[in-house]
Amino acid sequence: ASVDGVREAALASAQVWAPPLVPVSQFDFTANPPGEFKVSDEISCRFKVQKLSGGTPKFHCELPDGRVLKIKYGKQNAELQAEVAGTRLLRALGFIADDVYRVRAIHCAGCPRFPFQALTCRERLNLDLLCFGGAVDYTHVRTFTAAVIERRLEGSVIEAHDGQGWSWAELDRVNPARGGSSRAEVDAFRLMAVVLAHWDNKASNQRLLCPPGQELSGGACAAPLAMIQDPGATFGPTRVDLPNWRAAPVWRDRATCTISMRTLPYSGATFPDHRVSEAGRLMITGLLEQLSTRQLDDLFTASGMVHYDSIAAEARAATEW
């Protein structure tokens with residue numbers, strides 16, 4: 001099959017949701033995803049000069065065992081809080097999400113003062129000494145306390161060209177007759193994206209993934225997954241923006257259950273207005289209703305949202321969120 005044909009088949013048979021491993025009412029929003037990084041950890045690593053994508057401050061850092069971490073950082077970078085909260089909420093409800101870990105500190109040997117700007121400069125000019133302010137000094141350690149570790153789920157990306165991802169308009173191709181998610185599951189997924197206000201939904205911010213062990217010959221996949229790859233631009237049109245998140249409508253037309261992102265930046269981007277099935281509406285409300293007030297308080301507190309520097313006073317109370 002052609003690369004395009006493989007992708008088309010994967011999209012048709014893609015799953016967007018699975019019953020949560022932990023009952024929704026028992027999900028612990030205060031904890032990092034299962035793995036080695038705890039919220040109280042301080043991580044020591046070495047700055048790695050590696051190409052970046054996107055416009056969010058980030059850099060790569062190598063652990064003593066050779067593994068490379070992707071670090072997002074910055075006290076003024078609301079994407080940190082939004083991505084932690086977004087991935088945890090998606091996962092709690094049974095949707096697929098990458099691992100995003102909060103830690104106490106990242107101690108980066110060799111990091112320039114502004115790593116992302118230095119790496120961007122190098123990408124454009126290819127002048128290391130100028131962009132890094134001299135040779136990289138691995139004896140100097142710079143500490144970042146506003147930082148998260150982002151780790152992608154294991155598996156191979158299914159795409160016809162680099163960064164292809166998938167657009168929300170393409171979800172109409174998911175076909176339960178070919179093993180894909182049901183209409184209710186896909187509509188619940190769409191509704192969840194609107195509730196989060198996932199406005200930076202260009203195709204490269206979603207991913208079609210083949211989990212380990214599901215690969216077939218010719219690049220095909222036995223059980224592909226369709227997921228939101230980067231939910232950092234969420235919870236309001238400027239990220240972590242309570243008044244405008246609260247004001248953003250879910251329904252364009254309540255009478256016909258039509259959802260829309262037209263009022264958000266990029267006028268919806270790849271997300272077309274969509275008429276949601278009653279089964280999809282009932283599914284997402286049934287999942288959300290299982291969350292307790294305590295869990296939601298934990299979500300907005302543990303993600304750091306209520307402590308973010310640039311929010312209004314009312315947004316410092318988790319109950320407002």
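Residues numbered from 1 in each chain as written. Predicted model: local features only at pLDDT ≥ 70, side-chain atom pairs only at ≥ 80, totals over all residues. Heavy atoms only, no water.

Draft legend 1. Structural detail: the sheet that holds strand S12 (residues 258-259). One open sheet holds the three strands; their spatial order is S11-S12-S13, and the pairing between them is antiparallel. Every interior strand has two partners, whereas the edge strands, strand S11 (251-253) and strand S13 (274-275), have only one. As judged from the two bridges shared by S12 and S13, these two strands associate in the antiparallel manner. Across the sheet, the residue bridging to Ile259 is His274, located in S13. (Pairing = 2+ DSSP bridges. Helix = DSSP H or I, 4+ residues; strand = E, 2+ residues; numbered from the N terminus.)

Draft legend 2. The arrangement of the state of the cysteines in detail. A complete count under the given rule lists four disulfides for this structure. The disulfide that involves Cys45 links it to Cys61, with 2.2 Å between the sulfurs. Its torsion about the S-S bond being 90°, the disulfide of Cys45 and Cys61 is classed as right-handed. One end of the pair, Cys45, is in strand S1 (residues 42-48); the other, Cys61, is in strand S2 (residues 58-62), with 16 residues separating them in the sequence. On the basis of relative accessibility, which here comes to 0%, the residue Cys61 falls in the buried class. Bridging Cys121 to Cys131, the disulfide has an S-S length of 2.0 Å. Here the disulfide of Cys121 and Cys131 is left-handed, its torsion about the S-S bond being about -65°. (Disulfide = S-S within 2.5 Å. Buried < 20%, exposed > 50% of the residue type's maximum accessible area, 1.4 Å probe, protein only.)

Draft legend 3. Local environment of the pattern of salt bridges. Tallied over the full model, the rule gives 26 salt bridges. Residue Asp128 is joined to Arg122 by a salt bridge in which the shortest nitrogen-to-oxygen separation is 2.8 Å. With its nearest N and O atoms 3.1 Å apart, the salt bridge here joins Glu320 to Arg246. Here Arg246 lies in helix H6 (residues 242-247) and Glu320 lies in the segment after helix H8 (293-302), a separation of 74 residues in the sequence. Exposure remark for Glu320: the relative accessible area of 34% places this residue in the partly exposed category. When its relative accessible area of 45% is taken as the criterion, Arg246 is described as partly exposed. (Salt bridge = Lys/Arg side-chain N within 4 Å of Asp/Glu carboxyl O.)

Draft legend 4. Molecular detail of the sheet that holds S2. One open sheet holds the seven strands; their spatial order is S4-S7-S3-S2-S1-S5-S6, and the pairing between them is mixed. The outermost strands of the open sheet, each flanked by one partner alone, are strand S4 (99-102) and strand S6 (141-144). Put simply, the sheet's adjacent strands are angled 40° from each other on average, direction ignored. Bridge count between S2 and strand S3 (residues 68-73): five bridges; the pairing is antiparallel. Within S3, the position partnered with Phe59 by the bridge is Ile71. Seen against the sheet, helix H2 (residues 79-93) touches S3, S4 and strand S7 (147-151) and runs at an angle of roughly 125° to S4. Where helix H3 (residues 115-125) meets the sheet, it contacts S1, S2, S3 and S6, and its direction lies at approximately 95° from that of S2. (Axes fitted to C-alpha atoms, helices over the stretch in contact; angles between N-to-C directions. Contact = heavy atoms within 4.5 Å.)

Interpretation in functional terms is not warranted from these geometric data alone.
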